[in-house]
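# Descriptive analysis of the structure
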Amino acid sequence: MGQPSEIVLRLAVEADIPAIKALMQASIETLQSDYLTPQQVQASRAAMGLDTQLITDGTYFCVWDADTLVGCGGWSFRATLYGGNHTKGRSARHLDPPTERARIRAMYTHPDHTRRGIAKLILSASEQAAFNAGYLTLEMAATLAGEPFYARCGYRVESRWLDENGSVPVPLLTMVKFFT
């Protein structure tokens, strides 16, 4: 009989960055492949990735199973909706909780750990933190692969669009959830 899992949710720290980047690459390569062409998977790297501002802001979570990073994601009080440090169009402007939506950002699960509650754990922690910060509405730029999960968690599609940051457009969705 194997050892029981030691699932731990905690805020990400700078030392986690290499593991986060590796998990993101594995997730993009594997979990997007049923929804995107190989060219779109490659191009999605321009739209996806780590925004280290989330770690600096203390709004990004990691889920560890013993010494293995199995999920990461978070929320933001800044205007940037999606993307990593390398993505065009980022904005560090602080959002206004009564009139603007907090952002759910950079949610990734290791391909070998899907459907185990990892993403739900991160999403719930992010939603609670945003609510505690005074936000009544959340939004995200979701991938096609993430749409079914987020719909089950109470998010609805507001719009469908193409990210034009890469050489090949990648489909994304704006999804929203209201706390009221």
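Please read all numbers here as calculations on a predicted model, not as lab measurements.

Parameters and conventions
- Residues numbered from 1 in each chain as written.
- Predicted model: local features only at pLDDT ≥ 70, side-chain atom pairs only at ≥ 80, totals over all residues.
- Heavy atoms only, no water.
- Helix = DSSP H or I, 4+ residues; strand = E, 2+ residues; numbered from the N terminus.
- Rg over C-alpha atoms; globule rule 2.2 N^0.38 Å.
- Buried < 20%, exposed > 50% of the residue type's maximum accessible area, 1.4 Å probe, protein only.
- Contact = heavy atoms within 4.5 Å.
- Areas by Shrake-Rupley, 256 points an atom, 1.4 Å probe, with all protein chains shown as cover.
- Lys, Arg positive; Asp, Glu negative; His and termini not counted.
- Charge placed at Lys NZ, Arg CZ, Asp CG, Glu CD.
- Disulfide = S-S within 2.5 Å.

For the protein chain, the count of helices and strands is five helices and seven strands. Taking 180 residues into account, the globule formula puts the C-alpha radius of gyration at 16 Å, and the protein chain, at 15 Å, falls close to it. The C-alpha extent of the protein chain, read off along each of the three principal axes, is 50 × 40 × 30 Å. Split into buried and exposed, the 180 residues of the protein chain put 49% on the buried side. For the protein chain, the proportion of contacts with a sequence separation of at least 24, taken over those separated by at least 6, is 69%. With the model as given, the accessible surface of the protein chain reaches about 8,900 Å², and the carbon-plus-sulfur share is 53%. Each charge sign in the protein chain was given a centre, from 17 positive and 18 negative side chains, and these centres are 4 Å apart.

Moving on: the state of the cysteines. Applying the stated criterion to the full structure yields zero disulfides. Of the cysteine sulfurs around Cys-72, a residue in no disulfide, the closest is that of Cys-62, at 5.9 Å. Judged by its relative accessible area of 0%, Cys-72 falls in the buried class. Cysteine Cys-153 is unpaired, with the sulfur of Cys-72 as its nearest cysteine sulfur at 16 Å. Overall, the relative accessible area of 9% leaves Cys-153 in the buried class.

Don't take any of this as a statement about function, it's just geometry.
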